[in-house]
Amino acid sequence: MPGLMLTCPQCRHANARAMKFCEACGASLQDVADRERHADEVEASFLLDQVRKARTALLIVGAVQAAGTLIMGYITGFDAATTSTMAAIAAVFFALAWWCRTNPFAAAVVGLVVFVTVHLAEAVFDPSSLARGVVMKVIVIAVLVRAIGAGVKYREFRRERGLT
Amino acid sequence: MVYRPAPSFCGQCGAAWPLGSRTCGTCGQARPASEPAPAVEPGVGRGLFSALLLYFVLLTTLLAPLALAGHLPFDSTEGVLGTFDIVLAIDAVLVVLWSIVHWRDIVPRLRTVGAPRYWVIALAAVPLTVGLAEANVWVVQETIGGAAIANEAMYAAAGYSFVAAMLAIAVQPALIEELAFRGVIFARLQPLLDGRTTVIVTAVMFMVVHLALLSLVFLLSMGLLLGWLRLRSQSLYPGMVLHLLHNTTVLALSWP
C-alpha cells in the first residue's frame with residue numbers, strides 16, 4: 001500500500017510507518033517520514049476543501065430563501081405566520097453556512113436533513129411546489145451529499161494515516 | 001499478520017538488532033508483531049448512511065398520511081387519530097428493526113443504567129421542560145398567532161381512555177424516539193463527529209422530524225437536553241424517563 005509504508009532512501013526497503021530507522025540498513029527515515037506526512041496533509045486538505053463546498057450551497061439556499069421571504073411578504077402583505085416561517089428557514093441556512101467554517105461536515109449533514117425535510121413537507125401541503133426550482137433543489141442536494149461523502153473520507157483518511 | 005523479515009537494525013534507534021532477540025538491545029523497544037491495525041472502524045460511512053436513511057424513512061411515514069389525506073378517513077377526529085396510531089405502530093417496528101441491525105450500538109447503551117446524578121437531572125428537568133413547552137407555544141401564539149392544535153384534547157374527544165392516549169402520546173415516543181435518535185442515529189454519528197456536535201446534530205434532527213413549527217424552540221432545547229443526558233450517562237434510560245414524564249405531564253395537564 002503506497003503511503004502506508006516508508007521506503008528507505010538508501011536500500012529501498014519498505015518500513016512500517018512507525019519506524020524512525022530502516023530495519024534493513026539502519027539509515028534514518030526522518031526525511032521520508034516528513035515528506036509522507038506533508039503529502040498526507042496535502043491530500044487531507046484537498047478532501048476538506050470538498051467538504052467546504054457545502055458552504056456555497058448553504059449560502060445560496062439561505063439567499064434564495066431570504067429573497068423568497070421578501071417576495072412572498074410583498075405579495076401577501078407580510079403575513080406574520082408565513083413571513084416568520086420563511087425568514088426562520090433563511091436564518092437557519094445562514095447559520096449553517098457560518099457553522100460550515102468551523103465544522104463543515106456537521107453543517108452539511110444538518111443542512112441536508114433540514115433542506116430535504118422542508119421541501120418534502122412543503123410538497124405534501126402543495127404538490128406543485130416540488131417541481132418549482134427542481135434543478136436548484138437537485139444541485140443543492142447533490143453538493144451536500146458529495147460534501148458529506150468527502151467528510152467521511154476525510155475522517156477515515158486522517159485516522160488511517162494517524163493525522164489526528 | 002503481515003509477513004516481515006527479521007530486522008537487521010532497530011526501527012526506533014537505528015542500532016544493530018541482536019540476532020534472534022524480540023527487543024532491541026540498545027533502546028529496549030519491542031518490535032511490533034505486524035502492521036498496526038488502522039484505528040478507524042470499517043464502514044463509518046455506511047453507518048452514517050443507515051442513520052440518515054432511518055431519519056428519512058421515519059419522516060416519510062409521518063408525511064405519507066398527509067400526502068394521501070384525500071384517500072384516508074380524515075373527516076373525523078377518530079379517523080385522524082386511528083391513522084396516527086397505525087403510523088406509530090409502523091415507526092415502532094421500523095426503529096426496532098434498525099436497532100436489531102445495529103444491536104452492537106444499542107445493547108451496551110441498554111445495559112448501562114447511568115450515574116444517579118443523571119437520573120436526578122432527568123427528573124428535576126420535567127417541570128422545566130413542561131414550562132418551556134407551554135411558554136414556547138404561548139409566545140408564538142401571542143406574537144405570530146397560530147391556530148393551537150390541542151393534540152391531547154383530541155384524544156379525549158375521540159373517546160380514548162387516558163391510558164390509551166398515554167400509550168400513543170407518551171410511551172411510544174419515549175421508547176421509540178429515544179431508541180431512534182439517542183440510540184441508532186447518535187451511535188452512528190458519534191464516530192464521525194465529536195460528542196458535543198453529535199448532540200447538536202441529533203437535536204436538530206429530532207426538532208425537524210416533529211414538523212411542529214410552533215414548538216421549534218422547545219423541541220431543540222429538549223433534543224439538546226436528551227442528547228446531553230445520553231452523552232454523559234452513556235445510557236438511554238434517563239432520557240427515556242424524562243421524555244415519558246414530560247409527555248405524560250403535558251397530556252395530564254390538558255386532559256379534560
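Residues numbered from 1 in each chain as written. Chains lettered and ligands numbered in written order. Predicted model: local features only at pLDDT ≥ 70, side-chain atom pairs only at ≥ 80, totals over all residues. Heavy atoms only, no water.

The next point concerns the overall build of chain A. A count of helical and extended segments in chain A gives 5 helices and 2 strands. Reading chain A from its N end, one meets helices and strands in the order β-β-α-α-α-α-α. Over its C-alpha trace chain A gives a radius of gyration of 24 Å, far above what one expects of a compact globule, namely 15 Å for 164 residues. Considered along the principal axes of its C-alpha atoms, chain A spans approximately 80 × 25 × 15 Å. Among the 164 residues that make up chain A, the fraction classed as buried is 42%. With 17 positive and 13 negative side-chain charges, chain A shows a spacing of 1 Å between the two charge centroids. (Helix = DSSP H or I, 4+ residues; strand = E, 2+ residues; numbered from the N terminus. Rg over C-alpha atoms; globule rule 2.2 N^0.38 Å. Buried < 20%, exposed > 50% of the residue type's maximum accessible area, 1.4 Å probe, protein only. Lys, Arg positive; Asp, Glu negative; His and termini not counted. Charge placed at Lys NZ, Arg CZ, Asp CG, Glu CD.)

Turning our eyes to something else, we now look at the overall build of chain B. The secondary structure content of chain B amounts to 9 helices and 0 strands. When the helices and strands of chain B are placed in sequence order, the string is α-α-α-α-α-α-α-α-α. For chain B, the C-alpha radius of gyration of 25 Å lies well beyond 18 Å, the compact-globule estimate for 256 residues. Restricting to contacts in chain B with at least 6 residues of sequence separation, those with at least 24 account for 71%. Taken as a whole, chain B presents about 12800 Å² of accessible surface, with 69% of it coming from carbon and sulfur. Looking at chain B, you have 13 positive and 13 negative side-chain charges, and the mean spots of the two groups are 25 Å apart. (Contact = heavy atoms within 4.5 Å. Areas by Shrake-Rupley, 256 points an atom, 1.4 Å probe, with all protein chains shown as cover.)

What follows deals with the state of the cysteines. Counted by the stated rule, this structure contains 0 disulfides over all chains. Cys-22 of chain A takes part in no disulfide bond, and the closest cysteine sulfur to it belongs to Cys-11 of chain A, at a distance of 3.6 Å. For the unlinked cysteine Cys-24 of chain B, the closest cysteine sulfur is that of Cys-13 of chain B, found at 3.6 Å. (Disulfide = S-S within 2.5 Å.)

Moving on: the pattern of salt bridges. Residue and element names in this part refer to chain A. Summed over the entire model, instances satisfying the criterion amount to 8 salt bridges over all chains. Across the pair Arg-52 and Asp-49 runs a salt bridge whose closest N-O atoms are separated by 3.9 Å. Taken as a pair, Arg-52 and Asp-49 lie in helix α1 (residues 30-52) at a separation of 3 residues, close to a single helical turn. On the basis of relative accessible area, Arg-52 is assigned to the partly exposed category, the value being 37%. Exposure remark for Asp-49: the relative accessible area of 42% places this residue in the partly exposed category. Connected through shared salt-bridge partners, Arg-17, Glu-36, Asp-40 and Arg-161 make up one network. (Salt bridge = Lys/Arg side-chain N within 4 Å of Asp/Glu carboxyl O.)

This paragraph deals with the nonpolar core. In globular proteins that are soluble, nonpolar side chains generally tend to be buried together. Core analysis: the biggest nonpolar cluster contains 75 residues, and Phe-105 of chain A together with Tyr-55, Phe-181, Val-201 and Met-205 of chain B have the highest contact counts within it. Among the elements that take part in this core, helix α4 (residues 104-125) of chain A stands out by supplying 13 residues, more than any other. Not counting chain neighbours up to four residues away, the residues in contact with Val-201 of chain B comprise Trp-99, Ala-106, Val-109 and Val-110 of chain A together with Leu-189 and Leu-193 of chain B. (Core = buried A, V, L, I, M, F, W, Y, C linked by side-chain atoms within 4.5 Å.)

Here we take up the interface of chain A and chain B. Where interface size is quoted, it is often the accessible area lost as the parts come together. On the chain B side, the residues contacting the 36 residues of chain A number 40 residues. On inspection of chain A and its partner chain B, the count reaches 0 salt bridges. The interface formed by chain A and chain B contains 10 residue pairs in polar contact (both at pLDDT 80 or more). At the level of elements, α3 (80-99), α4 and α5 (134-160) of chain A are the ones that each hand at least two residues to the side of chain A that touches chain B. Sort the elements by how many residues they give to the side of chain A that touches chain B and α4 of chain A lands first, with 13 residues. Of the residues in the side of chain A that touches chain B, the class split is 25 nonpolar, 6 polar and 5 charged. (Polar contact = N/O pair within 3.5 Å; in protein donor to acceptor, adjacent residues only side chain to side chain. Nonpolar A, V, L, I, M, F, W, Y, C, P; charged D, E, K, R; others polar.)

When pLDDT is averaged along chain B, the result is 87; 90% of the residues meet or exceed 70. Reported confidences for the modelled complex are a pTM of 0.85 and an ipTM of 0.84. (pLDDT = per-residue confidence, 0-100.)

Moving on, we get to unusual backbone geometry. Note: most peptide bonds trans; most residues except glycine with negative phi. Positive phi is not limited to glycine here, since Arg-12 of chain A has a value of about 65°. Here Arg-12 of chain A lies in the loop between β1 (5-7) and β2 (14-16). On the basis of relative accessibility, which here comes to 60%, the residue Arg-12 of chain A falls in the exposed class. Located in the positive-phi region is Gln-234 of chain B, a residue other than glycine, with phi close to 60°.

Turning to the packing of aromatic side chains, a few remarks are in order. Throughout the structure, instances matching the rule amount to 6 aromatic pairs over all chains. Plain terms: the ring middles of Phe-93 of chain A and Phe-115 of chain A are 6.2 Å apart, the flat faces sit at 85° to each other, and that makes the pair edge-to-face. With a gap of 22 residues between them, Phe-93 of chain A in helix α3 and Phe-115 of chain A in helix α4 connect regions that are remote in the sequence. As far as burial versus exposure is concerned, Phe-93 of chain A and Phe-115 of chain A are alike and both buried. Between Tyr-155 of chain B and Tyr-160 of chain B, the ring centres sit 4.9 Å apart and the planes meet at 85°, which makes this aromatic pair edge-to-face. Neither Tyr-155 of chain B nor Tyr-160 of chain B differs from the other in exposure class; each is buried. The residue whose ring lies beneath Arg-182 of chain B is Phe-206 of chain B, and the NZ or CZ to ring-centre distance is 4.5 Å. (Phe/Tyr/Trp six-rings, centres within 6.5 Å; stacked < 30°, edge-to-face > 60°. Lys NZ or Arg CZ within 6 Å of the ring centre and 35° of its normal.)

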